[in-house]
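Descriptive analysis of the structure
Below are the chains, spelled out letter by letter.
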Amino acid sequence: MEETMTGAAVKKLLTYSGLKKLEEELERLKVVERKEIAQKIKEAREQGDLSENAEYDAAKEEQRQIENRIEEIEYILKHAEVIVEEDVDVKQVNLGCTVLVYDVEFEEEVAFKIVGSSEANSLENKISNESPVGKALMGAKVGDKVCVETQAGVIEYEIRSIERTN
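Scope of this entry: the structure provided in the associated data block. Per-chain numbering applies: the sequence of each chain, read as written, is numbered from 1 onward. Only residues with pLDDT of at least 70 are given local features in this predicted model, and only at 80 or more are side-chain atom pairs given and counted; all residues enter the totals for whole chains, interfaces and linings. No hydrogens and no water enter the side-chain calculation; it runs on all heavy atoms of the structure.

A word on the overall build of the protein chain. Only runs of H or I of at least four residues qualify as helices and only runs of E of at least two qualify as strands under DSSP, and these elements are numbered from the N terminus. Helix and strand counts for the protein chain come out as three helices and seven strands. In the protein chain, the succession of helices and strands from N to C terminus is β-α-α-β-β-β-β-α-β-β. Each radius of gyration is computed over the set of C-alpha atoms, and the globule rule expresses the reference value as 2.2 Å times the number of residues to the power 0.38. Relative to a compact globule of 166 residues, whose C-alpha radius of gyration would be 15 Å, the protein chain shows 21 Å and is clearly more extended. Judged by the C-alpha coordinates and their principal axes, the protein chain covers about 70 × 35 × 35 Å. Residues counted as buried form 31% of the 166 residues belonging to the protein chain. Residue contacts follow a heavy-atom distance rule, with two residues in contact if any of their heavy atoms lie within 4.5 Å. When contacts within the protein chain are restricted to residue pairs at least 6 apart in sequence, those whose partners lie at least 24 apart make up 53%. With residues, only the protein chains shown are counted as cover, and all accessible areas are computed by Shrake-Rupley using a 1.4 Å probe. Accessible surface, the protein chain as shown: approximately 10,500 Å² in total, 48% of it carbon and sulfur. His is not counted, nor are the chain ends; Lys and Arg add positive charge and Asp and Glu add negative charge. We put the charge of a Lys on NZ, of an Arg on CZ, of an Asp on CG and of a Glu on CD. Positive and negative charge centroids in the protein chain, built from 23 and 38 side chains respectively, lie 5 Å apart. Relative accessibility thresholds used throughout: buried, under 20% of the residue-type maximum; exposed, over 50%; partly exposed, between the two (1.4 Å probe, protein chains only).

In structure tokens form, the structure reads like this:
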């Protein structure tokens, strides 16, 4: 769990839609998956000797993973600061907005949704405000050019538009 040097918990920035997804996942884990794994453990126990029971070991490991994820989500929700997308100021890049950028080197447009770190998903072009690209974009305005230092070198983006994420 993340904490500051003083031991205080770090606020987790979430969009409202990200908050809803986490709440739904937590509900599913607690209501559905806990019951399913309990049944798997029960069935594996009924097979006898637990010392050489691969199904039992696998079920217990799955149970640990579920409980760890529940704990992680509960921590995030407890320390969440929710950004309501409808309230986002789109005069500059902020958490909860979608920004259309022009990649100068590759001469192509790319849209990024700026989200909190617990919502980031590169497959959906959701980038964290704490990532190198997210940090570089935060506060930029339409027409601005930003440079991002990456492992592959410097990437230059021009901000084309900023919209509220739906």
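Having seen the structure, we can now continue with the description.
Let's shift gears to the pattern of salt bridges. By definition, a salt bridge exists where a carboxyl oxygen of Asp or Glu is found within 4 Å of a side-chain nitrogen of Lys or Arg. On inspection of all chains with the given rule, the structure shows 12 salt bridges. When the shortest N-O distance is used, the salt bridge between Lys 20 and Glu 23 registers 2.9 Å. One end of the pair, Lys 20, and the other, Glu 23, are both in helix α1 (residues 16-45), three residues apart, so they sit about a helical turn from each other. Classification of Lys 20 as partly exposed rests on a relative accessible area of 32%. Salt-bridge contacts for Arg 64 lead to Glu 61; the nearest nitrogen and oxygen are separated by 3.0 Å. Here Arg 64 and its partner Glu 61 are both found in helix α2 (residues 54-78), three residues apart, which amounts to about one turn of the helix.

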